[in-house]
Amino acid sequence: MTASIRPDHRLPRPLSLAALLLVTAGTGPAAWAQSEPALPSPRSQRPLPMAALPPAPPPVGMPRLASEVSCPSLQRQVAKVLGAESPRWSVSVADGSGRLLADVNGRQPRVPASNQKLVSSAFALDRLGPDYRLSTQLWRLQDGTLRLTGQGDPDLALPQLQRFAQLAMAAGATTAVGGAPVRLELAEEASQNWWPSGWHVADRAYAYGAPITRLAITSNAIDDAVSNPPSRLQTLLRRAMNQRGGSPLQLALVSARQPLPTDAVLIHEEPSTSMHGLLSLANTESHNFTAEVLLRQAAGTWDVAEASRLNTLWLLEQGLPMEGVRVADGSGLDRANRVTSRFLVALLLRMDHHPYSRDYISSMAIAGRRGTLRNLYRGTSLDGRLFAKTGTLTGVRSISGVLQTTDGPRYISAVSAGAGAPNTMIGRVLREVQAMGACPSLS
C-alpha cells in the first residue's frame, strides 16, 4: 500500500542527538546555543493546571493577533500570488505587535500535517521548561524484583541498555539465592496504546509511524518500524546479559500505569538529551516519535485522547483564536487534526514573546541551512532568514514560522490542500512579505 505521508516525516534512523546539537549550536540569531541544564529530580512532577472558564486572557502586555487586516497593499499582493488557487490555501501574516498584515482564508480549518508539532512542542516547553529531560530508570522493589521504567527517550540505544543489563545483574546477584534467576519487570504501555487511533494502518509499518512506547530502543525504528518493541527489548536484554555470563534472567511485562511502590529504590538513571535537543528533533527534523512523547509528558498522561484534551485547554489559556482547531495527536500524522493559519500565526506570536522564546524559535528548521528546510529557498533572499516548521501529507503542504526582516519579525502560516506547486507558491508569498517592509497603519 502507498503510505499517506511523504519524506517530511520520514526519519528511518533518527539523527544522533549529539550530532544534532553540534549542528544547531550557534546557528541562527546570536547566543541561541544553550548550556547543559541540570537534571530535575526523577520523581518531581508539575501539577496539571485546572481549566478555567471563560478562557484566561494572555499575560498582561502580551500582544494579541488583530481580527482585521491592516495592510491592504500586502493583502493584494498575497491574493495576486495565490490567484485562482486561493480556495486551496490558508495564509496569514502578522507583525510583532499583533497587526494582521494579510489574511486569505485564515479562519478555514485545515489539516496541518507536521505543523501540528508547533502546537505540541509549545505545550511541552511551557509545561516542562527548558531544563527538562526524559528519564529511563532501573528500580529495585522490596522483594528484590527489579523494574525498568521509561518516559520514551527517543535516543535510548544499545549502550544505555547494556549498562542497565550490567547493573541488573549486579543488583540481582545480591538478592538471587542458589542460582535463582534475576527477576526484571519492564513497565510498558499496552499494545492498543502504541499508536494514536487516527494513524493510518499503512503508516505504522514505516519508521515515521513507529509505535510510541516508553522503552523504545532507537525510537522503535531500524529501517522500518519495529512491530513489537517489548519483544525486541527482551531479546536485546537477554543477549546483553548472556554476553556477560550473568545469572539467568526472568523477564515480565507490567503495565506502565501501575504505580511504582513507594519503597522502591532507584538504582540507576539514564537521562535523555536536553529539552533543546528534543525540541530540535521534533521541529527541525520532524521526528514524529519525539513529538508524541513530548505531548504525553507535558500532559502528564500517556492516554493520547486525554493528552490532546489538556493540550487544547492550554491553548485556550493562551487566548488564541481556537475556532475550528482540533488537537488529535502530537505529531500531525493523524488527519483528524485541524488548525487555521490565523491560529498558527497567533501561536507563533505568543511563543516569540514567551520567556522561553529562544528555545522555541531555535528548535525550528532554517531555510537553506538546516532540517527539513535545508534544501529549500537556498541562495534566495529567504536563505537563513526563515525559521519555520514544515508539514507534508498527501495533498497537504504547510510551512509556518518566523521570517526575519529589516522591519522586524513577520509571523507567517501557509497551509495548502491540493495546491499544484506549494513550495514555489509559499516562497513567492514570503518574498512579497520581505519586499513590503513596514506597512503603514490604516487611518
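What counts and what doesn't
Residues numbered from 1 in each chain as written. Predicted model: local features only at pLDDT ≥ 70, side-chain atom pairs only at ≥ 80, totals over all residues. Heavy atoms only, no water. Helix = DSSP H or I, 4+ residues; strand = E, 2+ residues; numbered from the N terminus. Buried < 20%, exposed > 50% of the residue type's maximum accessible area, 1.4 Å probe, protein only. Contact = heavy atoms within 4.5 Å. Areas by Shrake-Rupley, 256 points an atom, 1.4 Å probe, with all protein chains shown as cover. Axes fitted to C-alpha atoms, helices over the stretch in contact; angles between N-to-C directions. Parallel < 35°, antiparallel > 145°, perpendicular 65-115°, else oblique. Left-handed = near helix turned anticlockwise from the far one by under 90°. Pairing = 2+ DSSP bridges. Nonpolar A, V, L, I, M, F, W, Y, C, P; charged D, E, K, R; others polar. Expected span 1.5 Å × (residues − 1). Core = buried A, V, L, I, M, F, W, Y, C linked by side-chain atoms within 4.5 Å. pLDDT = per-residue confidence, 0-100. Disulfide = S-S within 2.5 Å. Salt bridge = Lys/Arg side-chain N within 4 Å of Asp/Glu carboxyl O.

The name given to the protein in an unreviewed UniProt entry is D-alanyl-D-alanine carboxypeptidase, with Cyanobium gracile UHCC 0139 as the source organism.

Visitor: Would you explain the overall build of the protein in this entry?
Guide: Helices and strands together make up the secondary structure of the protein, namely eleven helices and eleven strands. Among the 443 residues that make up the protein, the fraction classed as buried is 57%. Considering only intrachain contacts with a sequence separation of at least 6, the fraction spanning at least 24 residues in the protein is 71%. Surface exposure of the protein reaches about 17900 Å², of which carbon and sulfur atoms provide 53%.

Visitor: Explanation requested: the packing of helix H6 (residues 275–283) against helix H7 (residues 288–299) in the structure shown.
Guide: The description of two packed helices rests on the angle between their axes and on the distance between the axes. Packing of H6 against H7 leaves a shortest axis separation of 7 Å and a crossing angle of 125 degrees. In terms of orientation, H6 lies oblique with respect to H7. Seen from above, H6 lies across H7 with left-handed handedness. Along its contact with H6, which presents Met-275, Leu-278, Leu-279, Leu-281 and Ala-282, the element H7 presents Thr-290, Ala-291 and Leu-294.

Visitor: I keep staring at the sheet that holds strand E9 (residues 386–393) and nothing clicks. Help me out?
Guide: Note: strands within a sheet are paired through backbone hydrogen bonds, in either parallel or antiparallel orientation. Taken in spatial order, the six strands make up an open sheet running E2-E1-E11-E10-E9-E8, and their pairing is antiparallel. Among the strands making up the open sheet, the edge pair consists of strand E2 (100–104) and strand E8 (365–366). Two elements, E9 and strand E10 (residues 396–405), share eight bridges in a ladder whose sense is antiparallel. If you follow Ala-388 over to E10, its bridge partner there is Gly-401. On the sheet, helix H11 (residues 422–436) packs against strand E1 (89–95), E9, E10 and strand E11 (408–417) and is oriented at approximately 20 degrees with respect to E10.

Visitor: Would you mind going over the packing of helix H3 (residues 116–128) against helix H8 (residues 304–317) with me for this structure?
Guide: The contact between H3 and H8 brings their axes to 10 Å, and the two run at 75 degrees. Here H3 lies roughly perpendicular to H8, going by the angle between them. Residues Val-119, Ser-120, Ala-122, Phe-123, Asp-126 and Arg-127 of H3 touch H8, and the partners they reach there are Ala-307, Leu-310, Asn-311, Trp-314 and Leu-315. Among the residues making up the contact of H3 with H8, the classes are represented as seven nonpolar, two polar and two charged.

Visitor: Even after reading the chapter, I still don't get the pairing of E10, so can you show me in this structure?
Guide: A regular strand places its side chains on the two faces of the sheet in alternate fashion. A large share of E10 lies buried, amounting to nine of its ten residues. Between E9 and E10, which follow one another and run antiparallel, lie two residues, and Gly-395 among them has a positive phi close to 85 degrees.

Visitor: Help me understand helix H9 (residues 341–352), please; the structure alone is not making it clear to me.
Guide: Residues spaced three or four apart along an α-helix point in a common direction, a consequence of the helix completing one turn every 3.6 residues. Its twelve residues place the ends of H9 16 Å apart at the C-alpha level, agreeing with the 16 Å of an ideal helix rising 1.5 Å per residue. Within H9, eleven of the twelve residues are buried, leaving the element largely enclosed by the surrounding structure. Regarding H9, the residues found buried are Ser-341, Arg-342, Phe-343, Leu-344, Val-345, Ala-346, Leu-347, Leu-348, Leu-349, Arg-350 and Met-351.

Visitor: Looking at this model, I keep getting lost on the nonpolar core. Mind explaining?
Guide: Nonpolar side chains tend toward joint burial in soluble globular proteins. Judged by nonpolar contacts, the single largest core of 61 residues is most densely connected at Leu-315, Phe-343, Leu-347 and Tyr-360. For this core, the element with the highest residue contribution is H9, accounting for eight residues. Setting aside residues no more than four positions away along its own chain, Leu-315 makes contact with Val-119, Leu-320, Met-322, Val-327, Phe-343 and Leu-347. One finds Cys-71, Leu-376, Tyr-377 and Ile-426 within the second-largest nonpolar core, a separate group that totals 30 residues.

Visitor: Please explain the confidence of the model for the protein as it appears in this structure.
Guide: Low-confidence regions, as indicated by low pLDDT, have predicted coordinates that should not be scrutinised in detail. Looking at the protein as a whole, the pLDDT averages 87, with 84% of positions reaching at least 70. A low-confidence stretch, residues 1–7 stays under pLDDT 50, and its non-local contacts, those more than four residues away or across chains, total 24 contacts.

Visitor: Which parts of the structure should I look at to understand the environment of Arg-214?
Guide: Within the secondary structure layout, Arg-214 lies in the loop between strand E5 (182–188) and helix H5 (229–243). Classification of Arg-214 as buried rests on a relative accessible area of 14%. Residues in contact with Arg-214, not counting those within four places in the same chain, are Gly-150, Gln-151, Gly-152, Asp-153, Ala-187, Glu-188, Glu-189, Ala-256 and Trp-302.

Visitor: What is the right way to read the side chain of Ser-357 from this model?
Guide: Along the chain, Ser-357 turns up in helix H10 (residues 357–361). Under the relative-accessibility criterion, Ser-357 is labelled buried at 14%. The residues touching Ser-357, leaving out its near neighbours within four places in the chain, are Met-351 and Asp-352.

Visitor: Would you mind going over the state of the cysteines with me for this structure?
Guide: Simply put, disulfide is the name for a covalent bond between the sulfur atoms of two cysteines. What the rule picks out here adds up to one disulfide. Here Cys-71 connects covalently by a disulfide to Cys-439, the sulfurs 2.0 Å from one another. With the S-S bond torsion at 100 degrees, the cross-link from Cys-71 to Cys-439 turns out right-handed. Remark: Cys-439 occurs in the segment after H11 and Cys-71 occurs in the loop between helix H1 (17–24) and helix H2 (72–82); sequence separation between them is 368 residues. Assessed through its relative accessible area of 8%, Cys-439 is described here as buried.

Visitor: Just to check I follow, could you spell out the pairing of E5 for this structure?
Guide: Counting buried positions along E5 gives six out of seven residues, so the element sits mostly inside the fold. Both strand E4 (residues 146–150) and E5 contribute to a ladder of three bridges, which runs parallel. By the bridge assignment for E5, Leu-146 is matched with Leu-184. As judged from the seven bridges shared by E5 and strand E6 (residues 249–255), these two strands associate in the parallel manner. By the bridge assignment, Leu-184 is partnered in E6 with Leu-251.

Visitor: Help me understand H3 in this model?
Guide: Between its first and last C-alpha, H3 extends 18 Å over 13 residues, near the 18 Å set by a 1.5 Å rise per residue. Among all positions of H3, only Gln-116, Lys-117, Leu-118, Val-119, Ser-120, Ser-121, Ala-122, Phe-123, Ala-124, Leu-125, Arg-127 and Leu-128 are buried.

Visitor: What is the right way to read the pattern of salt bridges from this model?
Guide: Inspection of the entire model under this criterion finds eleven salt bridges. Put simply, Arg-163 and Glu-270 hold a salt bridge, and the shortest N to O gap is 2.6 Å. Here Glu-270 lies in strand E7 (residues 265–271) and Arg-163 lies in helix H4 (residues 158–173), a separation of 107 residues in the sequence. Given the relative accessible area of 37%, Arg-163 is considered partly exposed. A relative accessible area of 8% means that Glu-270 is categorised as buried. Residues Arg-296 and Glu-292 are paired through a salt bridge, measuring 2.7 Å at the closest nitrogen-oxygen approach. Of this pair, Arg-296 and Glu-292 are both found in helix H7, four residues apart, which corresponds to roughly one turn of the helix. Taking relative accessible area as the criterion, Arg-296 reaches 1% and is therefore assigned buried.

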